[in-house]
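So you can see what is in the structure, the chains are spelled out below.
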Amino acid sequence: MANASLYWFRQDLRLADLPGLIAASKSGQVIPVFIFDEALGGDWKLGGASQWWLHHSLQKLAADLRAIGSRLVLRRGETVHVIAQLLEETGAQNVFASRQYQPWADETEQGVRKVAESAGGAFKRYPGTLLFEPENIRTGGGTPFKVFTPFWRACLKQPAPAQPQPAPALTSPNEWPHSEVLDTWELCPKKPNWAQGWDTLWTPGEAGASTALNTFLDSHVDSYGDGRDFPAQPNTSRLSPFLKFGEISPRQIWWTAQNAKQRSPNEAGSIDKFLSEIGWREFCNHLVTQFPAMPDRAWNPKFEYFPWQRHGANLAAWQSGNTGYPIIDAGMRELWQTGFMHNRVRMVVASFLTKHLLMHWREGEQWFWDCLLDADLASNACSWQWVGGSGADASPYFRIFNPIAQGEKFDKSGVYTRHWVPELAEMPDKYLYKPWEAPELTLKAAGVELGKTYPNPIVDHREARETALEAYATLKNVAMA
Ligand code: FAD
């Protein structure tokens, strides 16, 4: 097939503003392909919640391609092998794709490059996943940044990201290769169907991403600066799963936000704050390209010697939202029931696991990996290490969130907590975050029987805090080479 190319979709499941697809469209016929490589990533292969999203996202992408007269070819198997097969079957020579930043991405790409070259063509890789390529952002001394604020300042000094491009027209091949049937991949859970109702909460796909961005910028961004820490309020964009699967590009977000600033200059502060959070996503990828072991090993090597504890029952209580600390339990149940958790609550539950329970941050990272729709290798690893104290530019280990005070401050009226922990719905505000201090009569009136209808706290806050600080003190004696 003369001048035919594969466009290899990865975590860039969109048609608009995709430089690699635009380049492919200019080169001749395009065969869009998605490969479900179950083993890719090893321990970090796609988690359960992400698989649910992927299923729906691929459905949408296939429909969007059909609407422009093209198709999505689905294949399951080892990536390089499948690409080699497809090149042979179709006679295509070139493979176009967007760059990805996971530690295993380079090796896979090298394999793809080899098979494309053997077919007489080339592997052509394009940006599109980040605003700024990590190797272009360097300190004055030419080294990568390790601290967020100067990193983001340096990004903002770069030429502005290019304007987003519309979806290209695609020329189809004369004959389509065989495509597998998405349902046979069984990406959605059945028995039990723990994702029941998620399709009423989320609209995966490019159109859903665009709606989420516009709704946020039109209706919520004005409260973002002050309100992003309050989990009961719809003040954040909830764009993270769309970004994870590349259903929207950071450039599209950047420019839509710049236009919103022009229209509403008094929202500029909130919009810049929002863009700086997109900056954190960039920073996490920047860190992982410097230290590819980040998902598994502490950035600060001293933390490899931290006396982490193993306690299966405590881990299970944390995972299932039964720690006896209402804000922790609310967050963990929100995660399980919706595939998402508000950022403030993510920080509080992560602090609780690593500091109150002294459990390794990797335990939490893995649980989030499986349960989060937005599970992203770089953001998840960096955030867990940030909270756990071992990361770059991390929150110091001795800063231990008080789960009672955090609830009282960020969910004062208890709307979020009572929703996810309905057994405390009738608790008065005064005792909502410390039901164990409530008088017997108050508990009775609220229908709460501690240890029966709602757990007693699995650890005592003050004691746990002291123990965590003692454990942290042991690191002072660790001598590093
Ligand atoms: P908004 O506040 O609207 O922010 C806009 C976008 O900026 C987000 O969609 C996200 O892409 C990015 N962003 C915001 N905050 C951060 C941050 N701290 N670090 C990196 N990027 C950020 N985010 C993920 O996308 N995937 C993860 O696996 C992930 N794991 C996390 C684990 C822990 C322990 C913690 C504390 C945070 C984690 N985050 C992760 C970061 C953050 O919680 C989410 O990005 C955010 O809650 C998503 O909600 P939003 O889209 O409404 O965010």
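Everything below is about the structure printed above this text.
As the structure is a computational prediction, the values presented were derived from the model and not from experiment.

Brief notes about the pairing of strand E4 (residues 94-98)
For a regular strand, the rule is simple: side chains alternate between the two faces of the sheet.
Here comes step 1: Burial analysis of E4 places five of its five residues in the buried class, the great majority of the element.
Here comes step 2: Burial of the side chains of E4 extends over both faces: Asn94, Phe96 and Ser98 are buried on one face and Val95 and Ala97 on the other.
Here comes step 3: Where E4 meets strand E5 (residues 123-126), four bridges bridge the pair, whose relative direction is parallel. Bridge pairing links Ala97 to Arg125 in E5.
Here comes step 4: This β-α-β element, E4 to helix H4 (residues 105-118) to E5, shows right-handed connectivity.

Regarding the packing of aromatic side chains
Here comes step 1: What the rule picks out here adds up to 40 aromatic pairs.
Here comes step 2: Clustering of aromatic rings is evident, with ring pairs tying together Trp52, Trp53, Trp194, Trp198, Trp202, Phe242, Phe245, Trp336, Phe340 and Trp367.
Here comes step 3: Taking the ring centre of Trp8 as reference, the NZ or CZ of Arg10 above it sits at 4.1 Å.
Here comes step 4: The ring of Tyr397 has Lys355 lying over it, and the distance from NZ or CZ to the ring centre is 5.0 Å.

Structural notes on the nonpolar core
Here comes step 1: In terms of nonpolar packing, the biggest core is built from 73 residues, with Phe9, Phe34, Leu58, Leu72 and Ile253 touching the most fellow members.
Here comes step 2: Those residues in contact with Leu58, other than ones at most four positions away along the chain, are Leu13, Phe34, Leu72, Leu74, Leu182 and Trp185.
Here comes step 3: The next biggest cluster of nonpolar side chains, apart from the first, holds 57 residues, and it includes Met341, Leu358, Trp367 and Ala471.

So, the pattern of salt bridges
Here comes step 1: Under the definition given, this model contains 17 salt bridges.
Here comes step 2: The partner of Lys452 in a salt bridge is Glu449, and the shortest N-O contact between them spans 3.6 Å.
Here comes step 3: Here Lys452 falls in the exposed class, since its relative accessible area comes to 66%.
Here comes step 4: Overlapping salt bridges bring together Arg10, Asp106, Glu109 and Arg125 as one network.

Details of the site of the ligand
Here comes step 1: Lining the immediate surroundings of the ligand are 27 residues, of which Tyr224, Thr236, Ser237, Arg238 and Asn343 lie closest.
Here comes step 2: Take Asn343: an N or O atom from its side chain is 2.7 Å from an oxygen atom of the ligand.
Here comes step 3: Considered on its own, the ligand offers 810 Å² of accessible surface; in the complex 96% of this is hidden by protein.
Here comes step 4: Breaking the shell around the ligand down by element, the ones donating at least two residues are helix H9 (240-244), helix H11 (268-290), helix H14 (343-356) and helix H16 (377-388).
Here comes step 5: Its residues assigned to classes, the shell around the ligand comprises 14 nonpolar, seven polar and six charged.

Topic: the environment of Asp460
Here comes step 1: Relative to the helices and strands, Asp460 resides in the loop between helix H20 (440-445) and helix H21 (461-473).
Here comes step 2: For Asp460 and Ser25, which are 435 residues apart along the polypeptide, the C-alpha to C-alpha distance reads 61 Å.
Here comes step 3: A distance of 3.2 Å separates a polar side-chain atom of Asp460 from the backbone nitrogen of Arg462.

Some words on the state of the cysteines
Here comes step 1: Counted according to the given criterion, the structure contains zero disulfides.
Here comes step 2: Cys371 takes part in no disulfide bond, and the closest cysteine sulfur, belonging to Cys188, lies 16 Å away.
Here comes step 3: The class of Cys371 is buried, set by a relative accessible area of 6%.
Here comes step 4: Here Cys382 stays unpaired: no disulfide links it, and the sulfur of Cys284, its closest cysteine neighbor, is 4.1 Å away.

What counts and how
- Residues numbered from 1 in each chain as written.
- Predicted model: local features only at pLDDT ≥ 70, side-chain atom pairs only at ≥ 80, totals over all residues.
- Heavy atoms only, no water.
- Buried < 20%, exposed > 50% of the residue type's maximum accessible area, 1.4 Å probe, protein only.
- Helix = DSSP H or I, 4+ residues; strand = E, 2+ residues; numbered from the N terminus.
- Pairing = 2+ DSSP bridges.
- Right-handed = clockwise from strand over helix to strand, strands pointing away.
- Phe/Tyr/Trp six-rings, centres within 6.5 Å; stacked < 30°, edge-to-face > 60°.
- Lys NZ or Arg CZ within 6 Å of the ring centre and 35° of its normal.
- Core = buried A, V, L, I, M, F, W, Y, C linked by side-chain atoms within 4.5 Å.
- Contact = heavy atoms within 4.5 Å.
- Salt bridge = Lys/Arg side-chain N within 4 Å of Asp/Glu carboxyl O.
- Near = heavy atom within 4 Å.
- Polar contact = N/O pair within 3.5 Å; in protein donor to acceptor, adjacent residues only side chain to side chain.
- Areas by Shrake-Rupley, 256 points an atom, 1.4 Å probe, with all protein chains shown as cover.
- Nonpolar A, V, L, I, M, F, W, Y, C, P; charged D, E, K, R; others polar.
- Disulfide = S-S within 2.5 Å.

Function cannot be read off these values alone, since they describe shape.
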